[in-house]
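One letter stands for each residue in the lines below.
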Amino acid sequence: MRRRNGFTVVEVTVAGALLLMVMGGFAAIYFGQTKSAERVGQKAELADQARGAYFRMTDEIKFGIDLMHPIVGSGPTPYLLFTKDTYELIAYWVEQYDHPTRPGVKSRRLMRMSFNAKEGRKPEIVAPFVEKVQFSRKANREVDVEFSFRDADENNLVLTSSISCRNAVAVY
């Protein structure tokens, strides 16, 4: 019998196919993890934007002098009008718009405008994707805020607080 010095074509083909399947499995795991990490990063960024907008808005309200709207005892509204401690008239409201990446889908964003800005009245986007923002006036110096937004996985996240305006005057 003759001694073999190598592998047959069938053996090399089977070994190559097995190697390709193992490499394909590793590639699928790697790219799946990369996509998952990217999604987690997007969710964290959106949550940070919403939290930042919420804290900016609540800090401004805390130092308000005059809460103008909503009036005491009225139902919740999607807008707030007040005067800051610098005598600047500020409005927050929710605006509906067409979603930039999903045609035909409407989204909401939280807007802010200063009526006394030196640059003129230019609305600015405070939070690009909000589900709901509601303001309820409980007393002359107190406003309840409910701020909810959806993350990339369509989970609804809600931030709420009752804010007392330190400098607010009693307006009836």
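Each remark here, short or long, concerns the structure printed above.
Residues numbered from 1 in each chain as written. Predicted model: local features only at pLDDT ≥ 70, side-chain atom pairs only at ≥ 80, totals over all residues. Heavy atoms only, no water.

With respect to the overall build of the protein chain
Formally: Numbering of helices and strands starts at the N terminus; helices are DSSP runs of H or I of at least 4 residues and strands are runs of E of at least 2. All radius of gyration figures rest on C-alpha atoms, and the globule criterion is 2.2 Å times the number of residues raised to 0.38. Any two residues having at least one pair of non-hydrogen atoms within 4.5 Å are treated as being in contact. Per-residue and other accessible areas follow the Shrake-Rupley method at a 1.4 Å probe size, with only the shown protein chains counted as cover for residues. Neither His nor the chain termini are counted; the positive set is Lys and Arg, and the negative set is Asp and Glu. For the purpose of locating charges, the reference atoms are NZ of Lys, CZ of Arg, CG of Asp and CD of Glu.
Per the secondary structure count, the protein chain includes one helix and eight strands. Listing each helix as α and each strand as β along the protein chain from the N terminus yields α-β-β-β-β-β-β-β-β. Its C-alpha atoms give the protein chain a radius of gyration of 28 Å, more than 25% over the compact-globule value 16 Å for 172 residues. Taken along the three principal axes of its C-alpha coordinates, the protein chain extends 110 × 30 × 30 Å. For the protein chain, long-range pairs separated by at least 24 residues make up 42% of all intrachain contacts whose partners lie at least 6 apart in sequence. When the accessible surface of the protein chain is split by element, carbon and sulfur atoms take 58% of a total near 11400 Å². Of the side chains in the protein chain, 24 bear a positive and 20 a negative charge, and the two mean positions are spaced by 5 Å.

Quick look at the pattern of salt bridges
Let me state the cut-off plainly: Any Lys or Arg side-chain nitrogen found within 4 Å of a carboxyl oxygen on Asp or Glu counts as a salt bridge. Any residue under 20% of the maximum accessible area for its type is buried, any over 50% is exposed, and the rest in between are partly exposed; the area is computed with a 1.4 Å probe on protein chains only.
Enumeration over the complete set of coordinates arrives at 11 salt bridges. Note that R109 and E95 form a salt bridge whose closest N and O atoms lie 2.9 Å from each other. Pair noted here: R109 is in strand β4 (residues 106–114) and E95 is in strand β3 (residues 89–98), with a separation of 14 residues, a long-range link. Among the residues examined, E95 registers a relative accessible area of 24% and is labelled partly exposed.

Quick word on unusual backbone geometry
For Y87, which is not glycine, the phi torsion reads 60 degrees and is therefore positive. For Y87, the location among the structural elements is in the loop between β2 (79–83) and β3.

Here's the deal with the side chain of S148
Within the secondary structure layout, S148 lies in strand β7 (residues 142–150). Overall, S148 belongs to the buried group, its relative accessible area being 2%.

Observations concerning helix α1 (residues 9–62)
As a reminder, the rule being used: Expected span of a helix: the number of residues minus one, times 1.5 Å.
The first and last C-alpha atoms of α1 sit 79 Å apart over 54 residues, in line with the 80 Å expected at 1.5 Å per residue. By the burial criterion, the buried members of α1 are L46, A47, A50, A53, Y54, M57, T58, E60 and I61.

A few points about the pairing of β2
How we decide: One bridge is not enough; two strands pair if DSSP finds at least two bridges between them.
Two elements, strand β1 (residues 66–69) and β2, share three bridges in a ladder whose sense is antiparallel. Bridging from a neighbouring strand, L67 pairs with F82 of β2. Of the strand pairs in this sheet, β2 and β3 are connected by five bridges, and their pairing is antiparallel. Across the sheet, residue L80 finds its bridge partner in β3, namely Y92. Connecting β2 to the next strand, β3, in antiparallel fashion are five residues, including Y87 with a positive phi near 60 degrees.

Overview of the sheet that holds strand β6 (residues 132–139)
Threshold: Here, axes are lines fitted to C-alpha atoms. For helices the fit covers the stretch in contact, and angles between N-to-C directions go from 0 to 180 degrees.
The three strands lie next to each other as β6-β7-β8, forming an open sheet whose pairing is antiparallel. Strands at the two margins of the open sheet, each flanked by one partner only, are β6 and β8 (156–164). On average, each strand axis in the sheet is inclined to that of its neighbour by 15 degrees, with strand direction left out of account. Where α1 meets the sheet, it contacts β6, β7 and β8, and its direction lies at approximately 170 degrees from that of β7.

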